[in-house]
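# Breakdown of the fold
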Amino acid sequence: MELSNKTRISEFLLLGFSERPELQPLIFGLFLSMYLITVFGNLLIILAISTDPNLHTPMYFFLANLSFVDICFTSTTIPKMLVNIQTQSKVITYEDCITQIYFLILFAVLDVFLLSVMAYDRFVAICHPLHYMVIMNPRLCGLLVLVSWIMCVLNSLLQSLMMLRLSFCTHLHIPHFFCELNEMLQLACSDTFLNNVVMYLAAVLLGGGPFAGILYSYSKIVSSIRGIASAKGKYKMFSTCASHLSVVCLFYCTMLGVYLSSAATQSSHSSATASVMYTVVTPMLNPFIYSLRNKDIKSALRRIVGVQVM
């Protein structure tokens, strides 16, 4: 059977942020700097946790996993963008685009799952402190991370396989700096109703479910903190989850802002610019949030720097 022109497409063009050649070196330098800060910052968090026995606790185990996922999340999009700018080529093959969608969904949803697991960890630590080490045992911590990986891998695989059933017109221009699922569905030539149903259902279940768990955990945490008599005790309890709460607000607010701005303006350029917030800026800021607001992490980082200097 002869394939139609709509199914023979082998590559796309990523239009990026700007067509102006004089801006390309600036964009390259900016994103290279942010990428290096993200990678080295999160690697330092992982190194500090793995080398300091005092940080071998459930909370920091989840934080090390979050840092690893953030590195992978950023590495899914930025290196390809930097290569395209350096080589002055905007081409991405069909296979690379589907692969990028797979890993982008995988690590984005993993971020959501790990943030919800970390919220549960803080809930147990504050609301059930006497049973914390019994409940949050190494087996349960490993199981929570494993289940998160399995569910995210299956979801990403489903979304990617659903993309394979679509046909695209030839010479397709993607007004973005990476292949985003929602953007690709809008550019498809074939019917995307089933894809949209699966995408939004997964967003509600895998995005809304963990978020509801985070809200429930923090409602219980706030109730427990309000029951503490001394202001010093309240501050101490709140400080143990302040970093995580900051990361949760940053991640969800930026993602919500991306889709609200794209829906309100219908501008692909503004959507691409807003996407930078959750794909680059949030993973870059996470190490700073945890290191600046956490004495244990700061102490471990000082030891690492001290050893390197000696």
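Residues numbered from 1 in each chain as written. Predicted model: local features only at pLDDT ≥ 70, side-chain atom pairs only at ≥ 80, totals over all residues. Heavy atoms only, no water.

## Some points on a nonpolar patch on the surface
Basically, it comes down to this: Patches in this entry comprise residues that are over 30% relatively accessible and not in a salt bridge; like charges within 9 Å are linked, as are nonpolar side chains (Val, Leu, Ile, Met, Phe, Trp, Tyr) within 5 Å. Shrake-Rupley sampling with a 1.4 Å probe provides the accessible areas, and residues are treated as covered by the protein chains on show and by no other component. Here, a salt bridge means any Lys or Arg side-chain nitrogen found within 4 Å of an Asp or Glu carboxyl oxygen. Each helix corresponds to a stretch of at least 4 residues labelled H or I by DSSP, and each strand to a stretch of at least 2 residues labelled E; elements are numbered beginning at the N terminus.
A surface patch of nonpolar side chains, about 530 Å² in accessible area, is lined by Leu143, Leu146, Val147, Ile150, Met151 and Leu154. Take Leu146: it is sitting in helix H6 (residues 138-164).

## Considerations on the packing of helix H1 (residues 24-51) against helix H2 (residues 58-75)
Stated formally: A fitted line through C-alpha atoms represents every axis, and for helices the fit uses only the stretch in contact; the resulting angles, taken between N-to-C directions, go from 0 to 180 degrees. Here roughly perpendicular refers to angles of 65 to 115 degrees, roughly parallel to angles under 35, roughly antiparallel to angles over 145, and oblique to all remaining angles. The crossing is said to be left-handed when, going from far helix to near helix, the turn is anticlockwise and less than a right angle, and right-handed when the turn is clockwise. Whether two residues are in contact is decided by their heavy atoms, any of which lying within 4.5 Å being enough. Classification used: nonpolar for Ala, Val, Leu, Ile, Met, Phe, Trp, Tyr, Cys and Pro, charged for Asp, Glu, Lys and Arg, polar for all others including Gly.
Two elements in contact, H1 and H2, have axes whose closest approach is 9 Å; the angle formed by their N-to-C orientations is 155°. Considered as vectors, H1 and H2 are oriented roughly antiparallel to each other. Considering only the axes of H1 and H2, their crossing is left-handed. In contact with Tyr35, Thr38, Val39, Asn42, Leu43, Ile45, Ile46 and Ile49 of H1, H2 contributes Tyr60, Leu63, Ala64, Ser67, Phe68, Asp70, Ile71, Thr74 and Ser75. Its residues assigned to classes, the contact of H1 with H2 shows 11 nonpolar, 5 polar and 1 charged.

## A few points about the packing of aromatic side chains
In this description, an aromatic ring pair is defined by two values, namely the gap between the centres and the angle between the planes. Counted only if it meets this: When the centres of two rings from Phe, Tyr and Trp lie within 6.5 Å, Trp using its six-membered ring, the rings pair. Their planes under 30 degrees apart give stacked, over 60 give edge-to-face, and anything left gives tilted. Exposure categories follow from relative accessible area, calculated using a 1.4 Å probe and restricted to protein chains: below 20% of the type maximum is buried, above 50% is exposed, and the middle band is partly exposed.
Going through the model one piece at a time under the given rule, you end up with 8 aromatic pairs. Considering the side-chain rings of Phe123 and Tyr216, the 6.4 Å spacing of their centres and the 55° angle between planes classify their relative orientation as tilted. Within this pair, whereas Phe123 is found in helix H4 (residues 94-127), its partner Tyr216 is found in helix H8 (residues 193-226), the two being separated by 93 residues in sequence. An angle of 45° between the planes, with centres 4.6 Å apart, marks the rings of Phe211 and Tyr252 as tilted. Here the residue Phe211 occupies a position in helix H8, and Tyr252 occupies one in helix H9 (residues 231-265), the gap between them amounting to 41 residues. Tyr252 sits in the buried class, given a relative accessible area of 17%. Clustering of aromatic rings is evident, with ring pairs tying together Tyr102, Phe103, Phe107 and Trp149.

## As for the confidence of the model for the chain
Definition in use: pLDDT is defined as a per-residue confidence score from the predictor, taking values between 0 and 100.
Summarising the model, the chain shows a mean pLDDT of 84, and 86% of its residues fall at 70 or more. Looking over the chain, one finds the lowest element-wise mean pLDDT in strand E1 (residues 11-14), namely 70, and the highest in H6, namely 96. Low confidence marks residues 1-8, where pLDDT is under 50. Its contacts with residues over four positions away, or in another chain, come to 10 contacts.

## A few points about the UniProt feature "transmembrane region" (unreviewed entry) in the chain
Put simply, the test is: UniProt positions are given in the numbering used here, feature names are shortened, and annotations may be inferred rather than shown by experiment.
The feature "transmembrane region" (unreviewed entry), as annotated in UniProt, sits at residues 26-47, 59-78, 98-120, 140-158, 197-216, 237-260 and 272-292 in this numbering. The span residues 197-216 carries 100% helix and 0% strand; its end-to-end C-alpha distance comes to 27 Å.

## Things to note about the pattern of salt bridges
Inspection of the entire model under this criterion finds 2 salt bridges. Note that Asp52 and Arg303 form a salt bridge whose closest N and O atoms lie 2.4 Å from each other. Pair noted here: Asp52 is in the loop between H1 and H2 and Arg303 is in helix H11 (residues 295-309), with a separation of 251 residues, a long-range link. Where Arg122 meets Asp121, a salt bridge forms, and the shortest distance between an N and an O atom there is 2.9 Å. Like Arg122, the residue Asp121 is buried in the burial classification.

## Some words on the state of the cysteines
What counts, and what does not: Disulfide assignment relies on a single distance test, namely cysteine sulfur atoms paired within 2.5 Å.
Taken as a whole and assessed by the stated rule, the structure comprises 1 disulfide. Each sulfur of the disulfide joining Cys97 and Cys179 lies 2.0 Å from the other. Residues Cys97 and Cys179 are joined by a disulfide whose S-S torsion is about -120°; by sign, that bridge is left-handed. Of this pair, Cys97 sits in helix H4 while Cys179 sits in the loop between strand E3 (172-174) and helix H7 (181-187), and the two are 82 residues apart along the sequence.

## Looking at the packing of H6 against H8
H8 packs onto H6 with a crossing angle of 165° between their chain directions and a minimal axis gap of 10 Å. Judged on the interaxial angle alone, H8 and H6 are roughly antiparallel. Along this stretch, H6 crosses H8, giving a crossing that reads as left-handed. Note on element contacts: H8 touches H6 through Leu194, Asn195, Val198, Met199, Ala202 and Leu206, opposite Met151, Asn155, Leu158, Gln159, Met162 and Met163. Across the contact of H6 with H8, the residue classes break down as 9 nonpolar, 3 polar and no charged.

## Thoughts on H8
We count it as follows: What a helix is expected to span follows from its residue count: subtract one and scale by 1.5 Å. Bend, at a single residue, is the angle you get between axes fitted to the 7 residues ending at that residue and the 7 residues starting at it.
Compared with an ideal rise of 1.5 Å per residue, which puts 34 residues at 50 Å, H8 spans 48 Å between its outermost C-alpha atoms and is within 8% of the ideal. A bend of about 30° at Gly208 is the largest found in H8, and the proline Pro210 appears one to four places after it. Inspection of H8 places Asn195, Val198, Met199, Ala202, Leu206, Pro210, Ile214, Ser217, Tyr218, Ile221 and Ile225 among the buried residues, and these make up the whole buried set.

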